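Fold and contact review
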Number of protein chains: 2
Amino acid sequence: MAKKMVYFFGSGKAEGKAKMKAILGGKGANLAEMTNLGIPVPAGFTITTGTCADYYKSGNKWPVGLRKQVDMNLAKLEKAMDAKLGDPDQPLLVSVRSGAAVSMPGMMDTVLNLGLNDEVIEGIIARTGNARFAYDSYRRFIDMFGDVVMDCGHEPFEHAIDSLKKKVGAKLDTDLSADNLKELVRLYKAVYKKAVGKPFPQDPHKQLELSVNAVFSSWNAGRAIKYRELNNITGLLGTAVNVQSMVFGNMGDDCGTGVCFTRNPSTGERKYYGEFLMNAQGEDVVAGIRTPLPMIGLKKVNAKIYKQLTGFMDKLEKHYKDMQDMEFTIQQNKLYILQTRSGKRTAEAAMRTAVEMVRERLITKKEAIERLETAQIDHLLHPSFAPNAKRTVMAKGLPASPGAAVGQVVFTAHDAEAWDERGHKVILVRIETSPEDIGGMDAAVGILTQRGGMTSHAAVVARGMGRCCVAGASDININYAKKMMKIRGKTVKEGDWISLDGTEGEILSGKLPLVEPKLSGYFGKLMSWADEIRKLGIRTNADTPEDAARARKFGAEGIGLCRTEHMFFEGDRIWAVRQMILSADEYTDIRSQIATFDGDLTAAQKKQLDKLKKQFKTPKKEFEGALKKLLPYQRKDFIGIFTAMAGLPVTIRLLDPPLHEFLPQDVASQKEMAKRLGVKPAEVKAKVEDLHEFNPMLGHRGCRLSITYPEIARMQARAIIEAAITVSKKRKKVLPEIMIPLVGTVEELIFVKKHVIDEINKVFKEKKTKIPYMVGTMIEVPRAALTADEVAKEAEFFSFGTNDLTQMTMGFSRDDAGKFLGDYVDKGIYESDPFQSLDQNGVGKLVDIGIKLGRKTKPKLKIGICGEHGGDPASIHFCHKVGMNYVSCSPFRVPIARLAAAQAALADKK
Amino acid sequence: MAKKMVYFFGSGKAEGKAKMKAILGGKGANLAEMTNLGIPVPAGFTITTGTCADYYKSGNKWPVGLRKQVDMNLAKLEKAMDAKLGDPDQPLLVSVRSGAAVSMPGMMDTVLNLGLNDEVIEGIIARTGNARFAYDSYRRFIDMFGDVVMDCGHEPFEHAIDSLKKKVGAKLDTDLSADNLKELVRLYKAVYKKAVGKPFPQDPHKQLELSVNAVFSSWNAGRAIKYRELNNITGLLGTAVNVQSMVFGNMGDDCGTGVCFTRNPSTGERKYYGEFLMNAQGEDVVAGIRTPLPMIGLKKVNAKIYKQLTGFMDKLEKHYKDMQDMEFTIQQNKLYILQTRSGKRTAEAAMRTAVEMVRERLITKKEAIERLETAQIDHLLHPSFAPNAKRTVMAKGLPASPGAAVGQVVFTAHDAEAWDERGHKVILVRIETSPEDIGGMDAAVGILTQRGGMTSHAAVVARGMGRCCVAGASDININYAKKMMKIRGKTVKEGDWISLDGTEGEILSGKLPLVEPKLSGYFGKLMSWADEIRKLGIRTNADTPEDAARARKFGAEGIGLCRTEHMFFEGDRIWAVRQMILSADEYTDIRSQIATFDGDLTAAQKKQLDKLKKQFKTPKKEFEGALKKLLPYQRKDFIGIFTAMAGLPVTIRLLDPPLHEFLPQDVASQKEMAKRLGVKPAEVKAKVEDLHEFNPMLGHRGCRLSITYPEIARMQARAIIEAAITVSKKRKKVLPEIMIPLVGTVEELIFVKKHVIDEINKVFKEKKTKIPYMVGTMIEVPRAALTADEVAKEAEFFSFGTNDLTQMTMGFSRDDAGKFLGDYVDKGIYESDPFQSLDQNGVGKLVDIGIKLGRKTKPKLKIGICGEHGGDPASIHFCHKVGMNYVSCSPFRVPIARLAAAQAALADKK
């Protein structure tokens, strides 16, 4: 038997079905499925994807047998439609479309109205009496065929219609009369002949053959190949070709066309929704010349058709178990369904339909969770721009923190706070932000930076605050002195209004209308289902009691990362921090000199030692004094956080950033600091210069600080445990987890842990009580992952700090990568920003190695992630797969993480 | 049978032998060995290491049976020596020493003269007539026993002797009379009683028991445990105890003592060498009161003894197959050998003895290679300070580049060049150096920096030049404005003389006498043997034809790393580079804007596109113009290098550093640049600011430059291949290997390689010829190692850039780590600087992963190392072990690498 190359559908029966996507392509399989369901789909046939492969194998020729099968199926189609290709009296018109197993832009578009020629057109005019309709269809067909099938481009046709319109004084295409359009057909045929070198083919069979070839060829067009490469689409045979009879809604008053949704796509309400126009084509609805009627109107116009249609709607929704978006056409009182697909919906509608479909037993809870899009949750939590707002994009940056904001531009954190106090809504624009800017960032409705990536200071802090932020917009150029910026040549001054879209990363000119977010009960219901399914715990990154409380409301089950450095900036405590820094270095310098004296000393050495011991006293006293000042502040911070998270674990990271981040960099502030601390400005300047680092990312920070200054770790450990004891005395359960950052070798952990535990034991003795606590480490230095078996001997938990791990493993500074990562994504070197979504092939390998080695030493080792990837759905899937215990993310991403974790658990079962 | 716990040696026979180190400890085994060889060793016995373990098991008591065995062996010893412990007439005196299988500082020192008491002393005085000698021995014994065995410390004894000296008006110990010493014995006994709480034990058997216990206890003293931990010494049972009879060289004119070497330890000449004193103790030689006589003098004094001694020397050298350093004592015309060990020797002597011993068939070539110390080669290649020079160390830094230098201090590269031209020898002192300083570094005899580690710019460049360098000396404080520095409080001004020891990392005050290096024929011979043995290839890191030629002379078999950026600084070419940078950014910025126009354009868009295309022309022309200027310079550089390395492979790395390194950072130089290039100073300043990076190490550099500016890679590829064609036309074989740096993902390599190959094919077409070449990559980003199987698909070779790989894997910036790495080594967190010796547990794991994955894809992939570790012996062993093809190091380390590679090959066979 010859290979089956063509599958028919029509007259209530199809040779294919939905499951045959690999053979019939997505579109062909669905048309077959609908036909078999008894849905009146215009009849047609599908040439298989394998035939496309054979076409290439035969040297771009139809494989043996195809002609015969096409002819046979065409005859069947003609019979089903009671019409004939090229017959002027009963002309069959068809559409030709490509359709691979995976939806793939870049392949051939549709050719409509195939079958028209000079003869057929006359027949149609005779039959419909509508010459304008006939010629308009014809001229559109010639244009489409020339452009799409014969590759002449659309431009020469555009020129022709433009000159005709000028000549007859028409403004719009619709101003052209039937005669004008007849003339246009003539002109188009000339254009075609000039471009192709042959006259426009009058034989509909020839038209069909050329169209099928064009579909086959489009499979290996550059754009399609590139699309498959970029999306890793492999293993497909080729594209199928769908040849389907045309139906018309504009052949008279017993005709019409419309679109409908099985539920309301804006609200999710279970009510038929849609609109239609009688005696019209789909295009008429789009052109906006006539106003379509709401779907319920169809009941009045034609109750029978309305009943049929709603019946099909119910049937299809039930069959596909999802809200359907359908196109229909009524041709001479006969209803055809042209297409059905899952309906696009708002976030609110997605939630509501999902919950209601579960209640209707249409889908299971698991299916409801599976089909939700995590991206939609952002819209529920953050303001967005009204969907109909006119957007003028001035420039793009990174979508650093989702949401929308409208405000007046200011260029300093100080101005942001001042303007905010005066009642203005402001957008803080900075080249980059630093910890000193936190107050201003909080006062602003949105934040825009010129530099920095997805994990830059601005991005991380803004996400934590739930504040909209566009970061690393390299097309803006800020002039602080003049309080203005240039955006691609346009000047924006202080006080000018702009709008920011943090979800898309766009800077928009002027004031756009905002839509405030709202959370429905459906959202809560879905989240509770997600919680039932997921295996991963969800924690949050929070540095303040407010953030902690907010995250808890969003469902966080603890804090995975509480950074202690932000606390050092607040209010007056920065002065104690600066005093500490000034004395610390001097103190430890002398201390290490003293340590070099060993064994029997000469008299001169003894004298020198005594001198050093004397010198030592002043900075030591100052250093300890500064730490004593900081202790109550830190303790108070932790009391607040432990109270907000009572009953849940709180992971606190010891001081991490290099000390120079706490010192003022500009001369004026250095003078202020000198005055305040009673030292010479030159001393402050010298200290700042001394602490300068070439690569602060890889510098004196993390546990390295605690190795030089163990007293700081001790002060923090004391503050944590004293706070924990205070809160637990109020009958609130406290579970502190002390996290030592930037460990690269277990020896570092041993050293710092010893100091931490020793100080904690002192507190226990003083307070005559004990509480449980843990000491663990961040795995963020590649070496720690590579030697995790060793590190696990000393760590009670691991938390992967994938921000730094990404920086070090890929060798990118997140603050500098913005300058070239764009080139990388443009040139296809990276698919996505590795700071946004974990680089699973590279960084992920290290994470996997780290987990395996860690659990080799301690099989039950608690392992989480606290980098920004903890809020990214793809990364959460990865965390589930490699067996982490929890992910931790910024408060506003907690719901997304809950959903993604549930989806990961479901995907894992398959 | 009872367990054997004690082994006897004496009277020409021993129960143990050299191979029983595990049981008898190193010392005991060697004493047994010597005894069995017929060497007259003072008799004694050894308590086994297992007995020490049993002592602990029995709760710090002598295990059952030990007492009996000790008594038995003591009786044997008394018989052999014809003396008796505690017998005033024929007293046996013994020494007690610890001795584990591995030499281990931190355990108990020696107790000498055990057996003395109030009675015995009288007998000795009666027998020798030398009361002074007797009392001096006795008081020393009480001090030693109190301090070492009973833990009273040495200090109270010191106080007692000091007050006695004051009282009798003695200045030196030797000023004390016999009576004074007798009084001192009384005082010491009182000190002992006060400290211990019991009188000094008069029973010699009690003395022995307590001493043996002290040796056992010292095995688990804190210092010994720590030493074992630090040096990973495990699996030992305990320490052995050696009890050996004492002999005396100061009992009359038929007595004497001396040290001797079987060959000259300074020159290596095969001649007996040593010195002796008659009627003297070893201490007398050290005290310098009497001048010892050269060994040949013994022949005159006592020809028989001389003949015996030289006989034993010959025997021992032959037996141990190495030059021996021996101690001997003559007691009443009887010769005793107290100790023999491998003699310490100068580098010259080491070379000569090794070669001559091979010629004498005493050892094999392999043994000669095995026993050489790589560190000694440095002394052969670089100047050093005269060994007797008085060194006043002002401060220490890192031993960044070996050798010694004496010069006048200058603080700028410019001054270094100017002073050098005027005939001064200068030491260039900088906070850190940058590529702009190269001229000054070359003009200086030594380089000293305040910051930066073993792979800082200063260190790497200095090693390349063979120039002495001390880097990262954090105790110096430079004031450029005043042209001075403070070193631990001392001021050193411009023009002051200092000395640098780059081998030790010391800054010394004043002018020290220098010894110039010399290379003998022995060195060359040994190197040729090393070459026969080693498996690793040895290449060099060289950027100039001069360096290449020098390295070739030292035995380099190619260039493993030719950095192209240094070439960009020379002479006028820096101006072309700067012009290129100014135009590059503008050009690529507009280019990427143009690239965003796609598909059908509106009229307004077309207008904008035209405008951009016009704007594009100026910077593009400037950019291309600058590259055209650079091309001939680069080509000339490569012609020089290819010529110097004719017949050998040359690996050239494409431009690596971030572009801002080529721009001037200070205002004056920026103005100069603006003037020279005809732009506004503000433009230059803006460009410098624009290119500023927070973490340049992780910034826009390496292949990332080529992705933004592929034109630069093309220019370099063209220069390389044009140069290669030119040189090969002169019938010289050229093997260029183009290396693409900082690859993190194979996509980067694919992109850059495509441009490189495309340009090379153009050159081939233009020149109508082809030459073989390779394109490979550096593995220096952790991600590249983790995905080396992918990278290997596109790379023809790998070269591990372990400098950057160390920085990223450990998260250390080499320029900043100096500030805290000291703390790390001090606190025992790291054993050594990971930039100096490869961190095999962490970074090494990644190297191993990279090699295994790379060879999985290409089993014959050529793999080398070009980081600074390529010249470090321990790292070279690692490179051999993991199966690299070659190491590459700076020219002056090539001989060290040849030797280390040979030693690695030998170690591997075992």
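Residues numbered from 1 in each chain as written. Chains lettered and ligands numbered in written order. Predicted model: local features only at pLDDT ≥ 70, side-chain atom pairs only at ≥ 80, totals over all residues. Heavy atoms only, no water.

1. Some remarks on the overall build of chain A
- For chain A, the count of helices and strands is 34 helices and 32 strands.
- Principal axes of the C-alpha set define a box for chain A whose edges measure 120 × 60 × 55 Å.
- Counting contacts in chain A only where the partners sit at least 6 residues apart, residues at least 24 apart contribute 68% of the total.
- Approximately 38600 Å² of chain A is accessible, and the part contributed by carbon and sulfur atoms is 51%.
- Positive and negative side-chain charges of chain A, numbering 134 and 110 respectively, have mean locations separated by a distance of 4 Å. (Helix = DSSP H or I, 4+ residues; strand = E, 2+ residues; numbered from the N terminus. Contact = heavy atoms within 4.5 Å. Areas by Shrake-Rupley, 256 points an atom, 1.4 Å probe, with all protein chains shown as cover. Lys, Arg positive; Asp, Glu negative; His and termini not counted. Charge placed at Lys NZ, Arg CZ, Asp CG, Glu CD.)

2. A word on helix α27 (residues 746-767) of chain B
- With 22 residues, α27 of chain B extends 31 Å from end C-alpha to end C-alpha; this agrees with the ideal 32 Å at 1.5 Å per step.
- If you check which residues of α27 of chain B are buried, you get Val-746, Glu-748, Leu-749, Phe-751, Val-752, Lys-753, His-755, Val-756, Glu-759, Ile-760, Val-763 and Phe-764 of chain B.
- Buried residues along α27 of chain B sit against α31 (818-826) of chain A together with α25 (703-708), α26 (710-729), β28 (735-740), β29 (774-779) and α29 (788-792) of chain B.
- Following α27 of chain B by one or two positions, Lys-768 of chain B adopts a phi angle in the positive range, close to 50°. (Expected span 1.5 Å × (residues − 1). Buried < 20%, exposed > 50% of the residue type's maximum accessible area, 1.4 Å probe, protein only.)

3. Some remarks on the environment of Glu-360 of chain A
Residues and elements named next belong to chain A.
- Checked against the element boundaries, Glu-360 lands in the loop between α13 (347-359) and α14 (365-371).
- In this structure Glu-360 comes out as partly exposed when scored by relative accessible area, which is 29%.
- Once you skip the residues sitting within four places of it in the chain, Glu-360 turns out to touch Arg-263 and Arg-270.

4. Concerning the pairing of strand β26 (residues 559-563) of chain B
Residues and elements named next belong to chain B.
- Where burial is concerned, most of β26 is hidden: five out of the five residues are buried.
- The pairing of strand β25 (residues 537-541) with β26 spans two bridges and is parallel. By the bridge assignment, Asn-541 is partnered in β26 with Leu-561.
- Here three bridges tie β26 to strand β27 (residues 649-653), and the two strands are oriented parallel to one another. Bridge pairing in β27 places Arg-563 opposite Arg-653. (Pairing = 2+ DSSP bridges.)

5. A look at the packing of helix α23 (residues 667-677) of chain B against helix α24 (residues 681-691) of chain B
All names here are of chain B.
- Where α23 meets α24, the closest approach of the two axes is 8 Å, and the angle between their N-to-C directions is 120°. The angle between the axes of α23 and α24 places the two elements in the oblique class. Judged by the twist between their axes, the crossing of α23 over α24 is right-handed. Within the contact between the two elements, α23 uses Gln-670, Lys-671, Met-673 and Ala-674 and α24 uses Pro-681, Val-684, Lys-685 and Val-688.
- Residue classes in the contact of α23 with α24 are distributed as five nonpolar, one polar and two charged. (Axes fitted to C-alpha atoms, helices over the stretch in contact; angles between N-to-C directions. Parallel < 35°, antiparallel > 145°, perpendicular 65-115°, else oblique. Left-handed = near helix turned anticlockwise from the far one by under 90°. Nonpolar A, V, L, I, M, F, W, Y, C, P; charged D, E, K, R; others polar.)

6. A closer look at the interface of chain B and chain A
- Taken together, the contact between chain B and chain A spans 54 residues of the former and 53 residues of the latter.
- Taking both partners together, chain B and chain A bury about 4800 Å²; carbon and sulfur atoms supply 54% of that area.
- When the buried surface of chain B facing chain A is broken down by residue, Phe-694, Leu-698 and Arg-783 of chain B rank first, second and third, together holding 14% of it.
- In this structure, the connection of chain B to chain A is made through two salt bridges.
- The closest approach of N and O atoms between Asp-839 of chain A and Arg-783 of chain B, which form a salt bridge, is 2.6 Å.
- At the surface where chain B touches chain A, the tally comes to 24 residue pairs in polar contact (both at pLDDT 80 or more). (Buried area = accessible area lost by both parts, 1.4 Å probe. Salt bridge = Lys/Arg side-chain N within 4 Å of Asp/Glu carboxyl O. Polar contact = N/O pair within 3.5 Å; in protein donor to acceptor, adjacent residues only side chain to side chain.)

7. Digging into the relation of the copies chain B and chain A
- Under the fitted operation, chain B is carried onto chain A by 0.3 Å of movement along the axis and a turn of 179°, and the coordinates agree to an RMSD of 0.4 Å. The two molecules are tied by a two-fold rotation axis, judged by turn and shift. Rotation axis and chain B: the residue whose C-alpha lies nearest the axis is Asn-695 of chain B, separated from it by 2.1 Å. (Least-squares fit on C-alpha atoms with pLDDT ≥ 70 in both.)

8. Focus on the nonpolar core
- Grouped together as the largest cluster of nonpolar side chains are 295 residues, with contacts concentrated most on Phe-642 and Met-884 of chain A together with Phe-642 and Met-884 of chain B.
- Residues contacting Phe-642 of chain A, with those up to four places away along its chain left out, are Val-650, Ile-652, Ile-720, Ala-723, Ala-724, Val-727, Val-734 and Pro-736 of chain A. (Core = buried A, V, L, I, M, F, W, Y, C linked by side-chain atoms within 4.5 Å.)

9. Digging into the sheet that holds strand β3 (residues 44-47) of chain B
All names here are of chain B.
- One open sheet holds the six strands; their spatial order is β2-β1-β3-β6-β4-β5, and the pairing between them is antiparallel. The two strands at the open ends of the sheet, each matched to only one other strand, are β2 (13-14) and β5 (111-114).
- Strand direction decides the pairing type here: strand β4 (residues 94-99) and strand β6 (residues 240-245), joined by six bridges, are antiparallel. When the bridges of β6 are listed, Val-94 appears paired with Ser-245.

10. Description of the sheet that holds strand β6 (residues 240-245) of chain A
Residues and elements named next belong to chain A.
- The strand order across the open sheet built from six strands is β2-β1-β3-β6-β4-β5, with neighbouring strands paired in antiparallel fashion. Since the sheet does not close on itself, it has two edges, and those belong to β2 (13-14) and β5 (111-114), each with one partner.
- As paired strands, strand β1 (residues 6-10) and strand β3 (residues 44-47) are joined by four bridges and run antiparallel to one another. Among the inter-strand pairings, Phe-8 is bridged to a residue of β3, identified as Phe-45.

11. Describing empty space enclosed by the protein
All names here are of chain B.
- Tallied over the full model, the rule gives one cavity of 30 Å³ or more.
- Computed from the structure, the largest cavity encloses a volume of approximately 40 Å³.
- Lining the largest cavity, in full, are Asp-378, His-382, Ser-401, Pro-402, Arg-463, Gly-466, Ser-890, Phe-892 and Arg-893.
- Across the lining of the largest cavity, the residue classes break down as two nonpolar, four polar and three charged. (1 Å grid on protein atoms, 1.4 Å probe; cavity = no way out; pocket = protein on both sides within 12 Å on 5 of 7 lines; lining within 4 Å. Points joined across faces, edges and corners; volume = space filled by probe spheres on them.)

12. Observations concerning the pattern of salt bridges
All names here are of chain A.
- Tallied over the entire structure, the rule returns 108 salt bridges over all chains.
- A salt bridge links Asp-136 to Arg-139, with the nearest nitrogen and oxygen atoms 3.0 Å apart. Of the two residues, Asp-136 and Arg-139 are both situated in helix α5 (residues 131-149); the distance of three residues between them amounts to about one turn of the helix. The pair Asp-136 / Arg-139 is uniform in exposure class, with both members buried.
- Residue Asp-136 is joined to Arg-140 by a salt bridge in which the shortest nitrogen-to-oxygen separation is 3.1 Å. Of this pair, Asp-136 and Arg-140 both sit in helix α5, separated by four residues, roughly a single helical turn.
- On the basis of relative accessibility, which here comes to 32%, the residue Arg-140 falls in the partly exposed class.
- Taken together, the shared-partner salt bridges connect Arg-635, Arg-714, Arg-718, Glu-722, Asp-758, Glu-759 and Glu-766 into one network.

13. Some words on the state of the cysteines
- Tallied over the entire structure, the rule returns zero disulfides over all chains.
- For Cys-879 of chain A, which is in no disulfide, the shortest distance to another cysteine sulfur is to Cys-889 of chain A and amounts to 10 Å. (Disulfide = S-S within 2.5 Å.)

14. Observations regarding the packing of aromatic side chains
Residue and element names in this part refer to chain A.
- Within this structure, the stated rule accounts for 50 aromatic pairs over all chains.
- Aromatic side chains Tyr-55 and Tyr-56 sit 5.6 Å apart centroid to centroid with 80° between the ring planes, which places their arrangement in the edge-to-face category.
- With relative accessibility at 4%, the residue Tyr-55 sits in the buried group.
- Clustering of aromatic rings is evident, with ring pairs tying together Tyr-138, Phe-141, Phe-145, Tyr-192 and Phe-200.
- A cation over an aromatic ring shows up here: Lys-754 above the ring of Phe-751, its NZ or CZ 6.0 Å from the ring centre. (Phe/Tyr/Trp six-rings, centres within 6.5 Å; stacked < 30°, edge-to-face > 60°. Lys NZ or Arg CZ within 6 Å of the ring centre and 35° of its normal.)

15. Details of the confidence of the model for chain A
- Taken residue by residue, chain A gives an average pLDDT of 91. The fraction at 70 or more is 98%.
- Confidence estimates for the predicted assembly give a pTM of 0.83 and an ipTM of 0.82. (pLDDT = per-residue confidence, 0-100.)

16. Brief notes about the side chain of Asp-839 of chain B
- Considering the arrangement of structural elements, one finds Asp-839 of chain B in the loop between α31 (818-826) and α32 (843-857).
- Residue class for Asp-839 of chain B comes out buried when judged on its relative accessible area of 10%.
- For Asp-839 of chain B, the residues in contact, after removing those within four places along its chain, are Arg-783 of chain A together with Met-810, Pro-834 and Gly-844 of chain B.

17. Focus on the packing of helix α33 (residues 873-881) of chain B against helix α34 (residues 894-909) of chain B
Residue and element names in this part refer to chain B.
- Between α33 and α34, the shortest axis-to-axis distance is 9 Å and the interhelical angle comes to 50°. Considering their axes alone, α33 and α34 lie oblique with respect to each other. Viewed along their axes, α33 and α34 form a crossing whose handedness is right-handed. Taking contact as the criterion, the partners of Pro-873, Ile-876, His-877 and His-880 in α33 are, on α34, Ile-896, Ala-897, Ala-900, Ala-901, Gln-903, Ala-904, Ala-905, Ala-907 and Asp-908.
- For the contact of α33 with α34, the class distribution of residues is nine nonpolar, three polar and one charged.

18. Points about the environment of Asn-541 of chain A
All names here are of chain A.
- As for its placement among the helices and strands, Asn-541 is situated in strand β25 (residues 537-541).
- According to the relative accessible area criterion, Asn-541 is buried, its value standing at 4%.
- Sequence-wise, Asn-541 and Ala-717 are 176 residues apart; in three dimensions their C-alpha atoms are separated by 19 Å.
- When near neighbours in sequence (up to four residues on either side) are disregarded, Asn-541 contacts Gly-560, Leu-561, Arg-563, Cys-866, Gly-867, Glu-868, Ser-888, Cys-889, Ser-890 and Pro-891.
- Within the structure, Asn-541 has its side chain in polar contact with the backbone oxygen of Cys-866 (distance 3.2 Å).

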